[in-house]
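Per-entry structural report
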Amino acid sequence: DAGVIQSPRHEVTEMGQEVTLRCKPISGHNSLFWYRQTMMRGLELLIYFNNNVPIDDSGMPEDRFSAKMPNASFSTLKIQPSEPRDSAVYFCASSSTGFYGYTFGSGTRLTVV
Amino acid sequence: SQQGEEDPQALSIQEGENATMNCSYKTSINNLQWYRQNSGRGLVHLILIRSNEREKHSGRLRVTLDTSKKSSSLLITASRAADTASYFCATGRYSSASKIIFGSGTRLSIRP
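Here is a short report on the structure shown in this document.

**Quick word on the state of the cysteines**
Using the criterion set out here, one finds 2 disulfides over all chains in the structure. Bridging C23 of chain A to C92 of chain A, the disulfide has an S-S length of 1.9 Å. One quick way to see it: the torsion about the S-S bond of C23 of chain A and C92 of chain A is about -65°, and its sign makes the bridge left-handed. Here C23 of chain A, found in strand β3 (residues 19-24), pairs with C92 of chain A, found in strand β9 (residues 88-95); they are 69 residues apart in sequence, far enough to count as distant. With relative accessibility at 1%, the residue C23 of chain A sits in the buried group. Each sulfur in the disulfide pair C23 of chain B and C89 of chain B lies 2.0 Å from the other.

See below:
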């Protein structure tokens with residue numbers, strides 16, 4: 001298995017633009033998580049899905065953020081409009097029933113200028 | 001909100017020495033995990049210990065859990081340069097569908 005795949009690896013965009021981050025979880029994993037990491041706030045859980053259904057989105061900072069999981073093999077995190085304070089590394093992770101820990105992707109480094 | 005808090009925030013030791021990192025948490029848990037993050041990379045799951053376990057080993061890693069004190073420790077024996085990374089504890093309360101909350105991490109540096 002190639003692991004959790006995130007794209008793009010790096011994204012630089014101008015303030016006000018729409019940004020879409022993508023994630024392909026490990027096949028067979030039924031839970032998917034989006035985290036954001038910054039120096040100031042550390043690792044923050046934004047939202048997680050179980051069997052493609054959003055379970056807890058209390059970590060989504062504002063209405064500018066939205067996430068979808070249309071099927072078991074794909075999820076997106078969208079920011080519209082983006083702001084400089086959204087600059088961070090965004091990680092996607094997946095896990096399976098029985099829970100032996102999360103598998104993280106390599107992350108997307110987002111810079112909003 | 002952060003559930004787990006690691007201590008110390010930074011640790012620098014000589015190669016070959018043992019490294020010990022601690023994690024304290026606030027509420028009851030189902031399990032506690034430790035992750036490693038190399039600079040610029042994603043987190044890698046190291047070990048999971050369940051609330052009914054007191055100690056677990058994996059290679060050079062030893063994890064202890066004291067639920068009465070709401071604390072855990074991660075011991076890395078015979079450290080190597082490749083162990084240089086940030087280490088995070090994370091706590092989970094329920095099933096695999098539950099969210100886990102990460103602490104702020106310990107930055108470990110191994111001096112050659």
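That covers the picture; the talk isn't over yet.
**Digging into the sheet that holds strand β8 (residues 71-76) of chain B**
All names here are of chain B. Pairing is antiparallel across the open sheet formed by 5 strands, whose spatial order is β1-β3-β8-β7-β6. If you trace the sheet from one side to the other, it starts and ends with β1 (5-7) and β6 (55-58), each paired once. Averaged over neighbouring strand pairs, the angle between their axes works out to 20° when direction is ignored. Where β1 meets strand β3 (residues 19-24), 3 bridges bridge the pair, whose relative direction is antiparallel.

**Let's talk about the pattern of salt bridges**
Residue and element names in this part refer to chain A. If you walk through the whole model with that rule in mind, you get 11 salt bridges over all chains. For the salt bridge of R36 with E44, the shortest nitrogen-to-oxygen distance reads 3.2 Å. When its relative accessible area of 22% is taken as the criterion, E44 is described as partly exposed. Several salt bridges share partner residues, and in doing so they unite E62, R64, E83, R85 and D86 into one network.

**Describing unusual backbone geometry**
Excluding glycine, residues mostly carry a negative phi; peptide bonds, for their part, are mostly trans. Cis geometry is adopted by the peptide bond preceding P8 of chain A, which originates at S7 of chain A and carries an omega value of -10°. The residue P8 of chain A is located in the loop between β1 (5-7) and β2 (10-13) in this model. Between D7 of chain B and the following residue, P8 of chain B, the backbone shows a cis peptide bond with an omega angle of 0°. Of note, P8 of chain B is situated in the loop between β1 and β2 (10-14). Unusually for a residue other than glycine, N51 of chain A sits at a positive phi of about 50°. Structurally, N51 of chain A is set in the loop between β5 (42-50) and β6 (53-56). Overall, the relative accessible area of 49% leaves N51 of chain A in the partly exposed class.

Reading the values: the criteria
- Residues numbered from 1 in each chain as written.
- Chains lettered and ligands numbered in written order.
- Predicted model: local features only at pLDDT ≥ 70, side-chain atom pairs only at ≥ 80, totals over all residues.
- Heavy atoms only, no water.
- Disulfide = S-S within 2.5 Å.
- Helix = DSSP H or I, 4+ residues; strand = E, 2+ residues; numbered from the N terminus.
- Buried < 20%, exposed > 50% of the residue type's maximum accessible area, 1.4 Å probe, protein only.
- Pairing = 2+ DSSP bridges.
- Axes fitted to C-alpha atoms, helices over the stretch in contact; angles between N-to-C directions.
- Salt bridge = Lys/Arg side-chain N within 4 Å of Asp/Glu carboxyl O.

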